[in-house]
Amino acid sequence: QMMKFAWDNYKQYALGKNELRPLTKNGHIGNMFGGLRGATVVDALDTLYIMELEEEFQEAKKWVEKSFDLNVNGEASLFEVNIRYIGGLLAAYYLTGEEVFKSKALELGEKLLPAFNTPTGIPRSLFSPCSGMSWSWGWASAGSSILAEFGTLHLEFLHLSELSGNPVFAEKASTSQVMNIRKVLNRVEKPQGLYPNFLSPVTGNWVQHHVSIGGLGDSFYEYLIKSWLMSDKKDSEAKKMYDDALEAIEKHLVKKSAGGLTYIAEWRGGILDHKMGHLACFSGGMIALGAEHAGEERKQHYVDLAAEITNTCHESYARSDTKLGPEAFRFDAGTEAMATRLSERYYILRPEVVESYMYMWRLTHDPKYRQWGWEVVKALEKHCRVEAGFSGIRDVYTTTPTHDNMQQSFFLAETLKYLYLLFCEDDVLSLDDWVFNTEAHPLPVNH
Ligand code: DMJ
């Protein structure tokens, strides 16, 4: 019902725009996807299909067939286009077998390639599908590229290579785009075994020593373990990189608060910032997913670590008045798992906490994860549902929050999908056969 409500309102007021503005009942285009439109349609396709919302799925498919235009200009984020559009189209193709999704994915995939024309082959963050030019974000120091962006291409590019027969995307040849990225990362020296978030696409060296498992770093780690799983456990290089990175993170960034909550701090040139972003809360699920394959002696350790981190993220929700979590929470000056700055008190319908509940449920079947998921459902209904859709809120610490007037596309792609899967049987998109990309689009394991 929540998905139908979110979709119906998007369709009524914003079909063809990127997101719905549920208060003003119109569409939002933004500047993340260049000239591409319909981000919510493409992000929602597989969720509608999985939930058996047949009529709504057909509406979305019809829009892709008739109105999805790829011959557009403008600066688009390589990362966002890849995880939402390529991931969404690939998942829709693999679930339904409908050719239109495959051909759109391949056509769009070709348009991403110019972003890799840099001295090192590390792509820049922004690209223009028509002119072939690429740029870094204005805020990224010294023209650097972002770890979580160039490190979150592997899953989709592997499937693009397989479906197109074009090795340029990802074939095991070291000349392919994503294998080259790995080569650069393996070569560069890692401070204390950690991967900083900013790398120069010109020199291949780190630009700043900021390390985070939340924003700017997050899905790089996720794609290492998932690359290994998607290869049916053959890509041992990815597994080793994941194991080593997690070991360094545990050694240097994982801490326990005075109140006994385990959290993952950020690292700035050796100094710890005792803060966890909402984005970092995906890591409970990632560590749970990796735990099963960690070897007998490490397995229980990682199950426990995943459970502790997921518990901390739940606490960040439980300690708020709305029962939804803030964008970032801190562990300093007597604070535990709460935002201390006004600018960090918002919630924009993000999925990472329910994502971890879903993985923890599948791993342990402890009923508390379903209870926690249900708390989120109730809080979303109470505080984020407005007359024409779901909206983010500006302050999780008040029971009369103001709304931000934005129904993010990842709410339909991820938050609602993970909540649904939390209450499904384990064989609905079994984790043995499917790997979720970082936007929760399922891609098949290469058995
Ligand atoms: C999503 O687009 C993806 O999950 C991404 O990896 C991180 N941010 C958003 C959701 O919060």
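As the structure is a computational prediction, the values presented were derived from the model and not from experiment.

Colleague: Go over the site of the ligand with me, naming the residues and quoting the values.
Modeller: Around the ligand, the neighbouring residues are Ile-83, Arg-84, Leu-279, Arg-350, Pro-351, Glu-352, Phe-410, Glu-414, Thr-438 and Glu-439. Contact between the ligand and Arg-350: an oxygen atom at 2.7 Å from a side-chain N or O atom of the residue. Contact with the protein chains hides 91% of the accessible area of the ligand, taken as 300 Å² for the molecule alone. Those elements giving two or more residues to the shell around the ligand turn out to be helix H4 (78–96) and helix H15 (409–422). Split into classes, the residues belonging to the shell around the ligand amount to four nonpolar, one polar and five charged.

Colleague: With reference to specific residues and values, describe the packing of aromatic side chains.
Modeller: Here the structure, examined in full by the defined rule, presents 24 aromatic pairs. Considering the side-chain rings of Phe-68 and Tyr-85, the 5.7 Å spacing of their centres and the 10 degrees angle between planes classify their relative orientation as stacked. One end of the pair, Phe-68, is in the loop between helix H3 (54–67) and strand S3 (76–77); the other, Tyr-85, is in helix H4, with 17 residues separating them in the sequence. Tyr-85 carries the same exposure label as Phe-68, and that label is buried. Between the aromatic rings of Tyr-195 and Tyr-221, the centroid separation amounts to 6.4 Å while the plane-to-plane angle is 80 degrees, which identifies the pairing as edge-to-face. Of this pair, Tyr-195 sits in the loop between helix H8 (177–187) and strand S7 (198–199) while Tyr-221 is found in helix H9 (residues 218–230), placing the two residues 26 residues apart along the sequence.

Colleague: Mind laying out the UniProt feature "binding site: Ca(2+)" (unreviewed entry) in the protein chain, listing which residues take part and the relevant values?
Modeller: Listed under "binding site: Ca(2+)" (unreviewed entry) in the UniProt record, and renumbered for this structure, are Thr-438. With respect to the element layout, Thr-438 can be found in the loop between strand S18 (434–436) and strand S19 (442–444). Here Thr-438 falls in the buried class, since its relative accessible area comes to 14%. Thr-438 has contacts with Phe-79, Ile-83, Thr-152, Ser-219, Glu-222, Tyr-223 and Glu-414, leaving out every residue within four places of it along the chain. Within polar-contact distance, the side chain of Thr-438 engages the side chain of Glu-222 at 2.9 Å.

Colleague: Can you lay out the UniProt feature "active site" (unreviewed entry) in the protein chain for me, pointing to particular residues and giving the numbers?
Modeller: Annotation from UniProt places "active site" (unreviewed entry) at Glu-80, Asp-218, Glu-327 and Glu-352. Structurally, Glu-80 is set in helix H4. The contacts of Glu-80, once residues within four sequence positions are left out, are Met-32, Phe-33 and Tyr-85. Counting through the fold element by element, Glu-327 comes out in the loop between helix H12 (296–318) and strand S15 (328–330). In this structure Glu-327 comes out as buried when scored by relative accessible area, which is 13%. Those residues in contact with Glu-327 that sit more than four places away from it in its chain are Gly-277, His-278, Glu-344, Tyr-346, Ile-348 and Arg-350.

Scoring rules and cut-offs
Residues numbered from 1 in each chain as written. Predicted model: local features only at pLDDT ≥ 70, side-chain atom pairs only at ≥ 80, totals over all residues. Heavy atoms only, no water. Near = heavy atom within 4 Å. Polar contact = N/O pair within 3.5 Å; in protein donor to acceptor, adjacent residues only side chain to side chain. Areas by Shrake-Rupley, 256 points an atom, 1.4 Å probe, with all protein chains shown as cover. Helix = DSSP H or I, 4+ residues; strand = E, 2+ residues; numbered from the N terminus. Nonpolar A, V, L, I, M, F, W, Y, C, P; charged D, E, K, R; others polar. Phe/Tyr/Trp six-rings, centres within 6.5 Å; stacked < 30°, edge-to-face > 60°. Buried < 20%, exposed > 50% of the residue type's maximum accessible area, 1.4 Å probe, protein only. UniProt positions renumbered as here; feature names shortened; annotations may be inferred. Contact = heavy atoms within 4.5 Å.

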